[in-house]
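Listed below, chain by chain, are the residues.
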Amino acid sequence: MKTLYQTSATASAGRNGRVATDDGKLSLDLSYPKEMGGTGEATNPEQLFAAGYSACFSNAILHVAREAKMKLTQAPVTAEVGIGARAEGGFGLSVKLNVELSLPQEQAVELVKMAHQVCPYSNAVRNNIDVGLMVNGESL
């Protein structure tokens, strides 16, 4: 792989600390969510992952649409990220991507399936995280 862009972020004290990127454009306090016994007063890694995945997947849809010469300017994606204990030990994540496209359903489904093959987040988590896809209210 030829790297087109690279960045780094440093976390100071895990889920109850601070995280910042090397360029200072992102600098956030972190806290455990209330559901995991924390204060819930700051963001958490699952929210950051959901934000990144939703933005990346939305862009993948727009990229695939451009390649297909489709005039699509919006591709709203909501990423729901869950965390829980795995039966075999440790913790795992689950993801559900909810996509809303102003297209005929068959066309929207095909676009989302192609985007799922292109998106770097989807490629990174494939076979490691259970990812559910929903297009205009229909589960794939």
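First things first, this report covers the structure right here in the doc. (Residues numbered from 1 in each chain as written. Predicted model: local features only at pLDDT ≥ 70, side-chain atom pairs only at ≥ 80, totals over all residues. Heavy atoms only, no water.)

This part is about the sheet that holds strand β1 (residues 9–11). Here three strands make up an open sheet; going across it, the order is β1-β2-β3 and the pairing antiparallel. The open sheet is flanked by β1 and β3 (27–29), the only strands paired with a single partner. Strand after strand, the sheet turns through a mean of 10° between neighbouring axes, direction not considered. Sheet topology places strand β2 (residues 18–21) next to β3; three bridges connect them, and they run antiparallel. Note that in β3 the partner of Val19 across the bridge is Leu28. (Pairing = 2+ DSSP bridges. Helix = DSSP H or I, 4+ residues; strand = E, 2+ residues; numbered from the N terminus. Axes fitted to C-alpha atoms, helices over the stretch in contact; angles between N-to-C directions.)

Let us now look at the pairing of strand β5 (residues 91–99). Direction of pairing for strand β4 (residues 77–85) relative to β5: antiparallel, over a ladder of nine bridges. Bridge pairing links Ala79 to Leu97 in β5. Count of turn residues in the β4/β5 antiparallel hairpin: five residues, of which Gly89 carries a positive phi of about 105°. Across six bridges, β5 lies against strand β6 (residues 130–135) in parallel orientation. Pairing of Val95 across the sheet is with Val131, part of β6.

Taken as a whole and assessed by the stated rule, the structure comprises three salt bridges. Among the ionic pairs, Glu46 bridges to Arg15, the shortest N-O distance being 2.4 Å. One end of the pair, Glu46, is in helix α1 (residues 45–67); the other, Arg15, is in the loop between β1 and β2, with 31 residues separating them in the sequence. Owing to a relative accessible area of 18%, Arg15 belongs among the buried residues under this scheme. Residue Asp29 is joined to Arg18 by a salt bridge in which the shortest nitrogen-to-oxygen separation is 2.5 Å. One end of the pair, Asp29, is in strand β3; the other, Arg18, is in strand β2, and eleven residues separate them in sequence. When its relative accessible area of 35% is taken as the criterion, Arg18 is described as partly exposed. (Salt bridge = Lys/Arg side-chain N within 4 Å of Asp/Glu carboxyl O. Buried < 20%, exposed > 50% of the residue type's maximum accessible area, 1.4 Å probe, protein only.)

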